[in-house]
Amino acid sequence: MARIGMVETSLRDGNQSLWAALGVDSARTLTVAPLMAAAGFRAIDFTTSTHMGVAVRYKQEDPWQRIRLMAQACPDVPLQFLSTGFRFISWETATPDFMALAYKTLVTNGMRRFALADPMNDVAGNLAGARMAKAGGADQVIAALVFTVSPIHDDAHFAQCARELAASADVDALYIKDPGGLLSAERARTLIPAVQAVIAGKPLELHSHCTIGQADTCYLAATELGVDALQCASGAAGDGTSNPPIERVIANLKALGHTVDVDEEAVARIARYFDDLAQAEDLPRGMPQAFDAAYYRHQLPGGMVGTMRRHLSEQRLSQVEGQVIEEIGRVREELGWPIVMTPFAQMVLTQAVMNVTGAERYGVIPDEVVRYALGKFGRPNVPIAPHVMDRIMASPRAKELAAETGMADLATLRQRLGAQLSDEEFLLRATMPAEQVAAMREAADLHYDPTKSGAMNLLRDLLERSDVETIAIAREGFRLELS
């Protein structure tokens, strides 16, 4: 029987998958931190540069402070930063010296483990990121094999990527990252042995989503096949389009005779916390999903399916949803089988909608698709179909976008933004609007109690009303009346 480690994902992936990365702020994070510190997790999937941007833009909070305080609260558990290609906060491709500074500054503030998930499975890019992270002081680098289903993404493709990644001394472990929940138990039984055969004994983890109901059985199969750790979310932050709920996974593993290296009492309290948080803040709770074979045709993340339907409904075009789904498959093939994860999911969906609703296919081509064809997001897995490439390069924007200079070098940015800035503030100001960084509040409220949220929300609602002259609060032995 196997001994399995757990990576907790609620604060990063659960929050992103179910709550658009908006459900958790610094106070909510630090409230659950002591429980996470005591649970015995292999790591805590904590943040990405996208989440850091959300903290500034929507919460007016300092993301560096959040990292520092969480690292102090969990000194014995590595906090994980997810990096998706050569970018930090903005989607602009960053220069190597800028990324090196970002990794170094993340380590300085408390990030110890870096998960590198290039949306192209670009091994060279991942290895460059691994070298930078280690040079910046990272304790661990875990490189992703981003899973998808296509004619070119067979076991041999992933095994070759795994072989090259594992050969690097800068890569400590690998993980199969299945953002679409597409990996079935059956496919896992061929994929995982193919990967393990070439990684020279380095640890292998599995990260999947419950989007079409396959992740639980896939996790059990992976355990039998020798995977070292599973990545799970807790309570209301699990299930749905998120990761498998940790309590359910643990119960199933134990029923099959496996050992899970966690404190189950702490795990249960963490799950209750996220249940209470979702109820108090009216956040959607992840629910078990039924298998949907049609998902393999479009492979859109769950949240993007809803976005597509809303967009079509607003345009009074709901009747073409089936055509759009079919077109997504054609566009993806013509663009060289990009993996349907950010940013390629948005590109493929937008182009498919335009192809279906426009006068002709590729009559309108979004700028991001042009940038993709120009290689600004890396090299496609296979060349773009010639007739599509010709159409893209003939578009009016192709020459303009080809001439884009990209991000300035580090010295120029420093001179432009202010040499006196700390590395933390410089990285934010180089990637975000100045007014958003200026509005960020350093001294945010760092305390949260979900049991008091209902009363506080009621008081806020009452204070905003102009038709209430008297408020009375009464219970046995107590009455308070305000006029």
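The preceding data block contains the structure.
Remember, predicted model here, so these are calculated numbers, not experimental data. (Residues numbered from 1 in each chain as written. Predicted model: local features only at pLDDT ≥ 70, side-chain atom pairs only at ≥ 80, totals over all residues. Heavy atoms only, no water.)

Engineer: Can you walk me through the overall build of the chain in this structure?
Structural biologist: Summing up its helical and strand segments, the chain has 22 helices and eleven strands in all. Here the C-alpha atoms of the chain give a radius of gyration of 23 Å, agreeing with the 23 Å that 2.2 N^0.38 yields for 483 residues. Seen along its three principal axes, the alpha-carbon backbone of the chain occupies a region of about 80 × 55 × 55 Å. Here the chain, with 483 residues, has 54% of them falling under the buried criterion. (Helix = DSSP H or I, 4+ residues; strand = E, 2+ residues; numbered from the N terminus. Rg over C-alpha atoms; globule rule 2.2 N^0.38 Å. Buried < 20%, exposed > 50% of the residue type's maximum accessible area, 1.4 Å probe, protein only.)

Engineer: Teacher, can you tell me more about the pattern of salt bridges here?
Structural biologist: Opposite charge on two side chains permits them to pair, given that their charged atoms come into close proximity. By the definition in use, this model includes 27 salt bridges. Its salt-bridge partner being E368, residue R371 comes within 2.3 Å of it at the nearest N-O pair. Highlighted residues: R371 and E368, both in helix α16 (residues 367-373), separated by three residues, approximately one helical turn. In this structure R371 comes out as buried when scored by relative accessible area, which is 17%. Between R371 and E404 there is a salt bridge, with its nearest N and O atoms 2.7 Å apart. Of the two residues, R371 sits in helix α16 while E404 sits in the loop between α18 (396-402) and α19 (410-417), which places them 33 residues apart along the sequence. By relative accessible area, E404 is classed as partly exposed at 32%. One network of salt bridges, in which partners are shared, links E327, R330, E334 and R361. (Salt bridge = Lys/Arg side-chain N within 4 Å of Asp/Glu carboxyl O.)

Engineer: What's the story with empty space enclosed by the protein in this structure? I'm lost.
Structural biologist: Empty pockets left among the atoms are what a rolling probe the size of a water molecule brings to light. All told, the structure shown has four cavities of 30 Å³ or more when counted by the stated rule. Its boundaries defined by the atoms lining it, the largest cavity holds a volume of some 100 Å³. As for the largest cavity, its lining consists of L11, N15, V24, T29, F46, T47, H51, M52, A55, P63, R66 and I67. Going through the elements one at a time, α1 (10-19), β2 (43-48), α3 (49-59) and α4 (63-73) are the ones with two or more residues in the lining of the largest cavity. Of the residues assigned to the lining of the largest cavity, the class counts are seven nonpolar, four polar and one charged. Here the second largest cavity defines a volume of roughly 60 Å³. As for the second largest cavity, its lining consists of S83, G85, F86, Y103, L116, D118, G125, N126 and G129. Class assignment of the residues belonging to the lining of the second largest cavity gives a composition of three nonpolar, five polar and one charged. (1 Å grid on protein atoms, 1.4 Å probe; cavity = no way out; pocket = protein on both sides within 12 Å on 5 of 7 lines; lining within 4 Å. Points joined across faces, edges and corners; volume = space filled by probe spheres on them. Nonpolar A, V, L, I, M, F, W, Y, C, P; charged D, E, K, R; others polar.)

Engineer: I'm lost on the side chain of H153 in this one. Help?
Structural biologist: With respect to the element layout, H153 can be found in the loop between β5 (140-146) and α7 (155-166). Among the polar contacts made by the side chain of H153, one reaches the side chain of S150 at a distance of 2.6 Å. Other than its neighbours up to four places away in sequence, H153 contacts T148, F158, R187, W337, I339 and N381. (Polar contact = N/O pair within 3.5 Å; in protein donor to acceptor, adjacent residues only side chain to side chain. Contact = heavy atoms within 4.5 Å.)

Just geometry here; none of it tells us what the structure is for.
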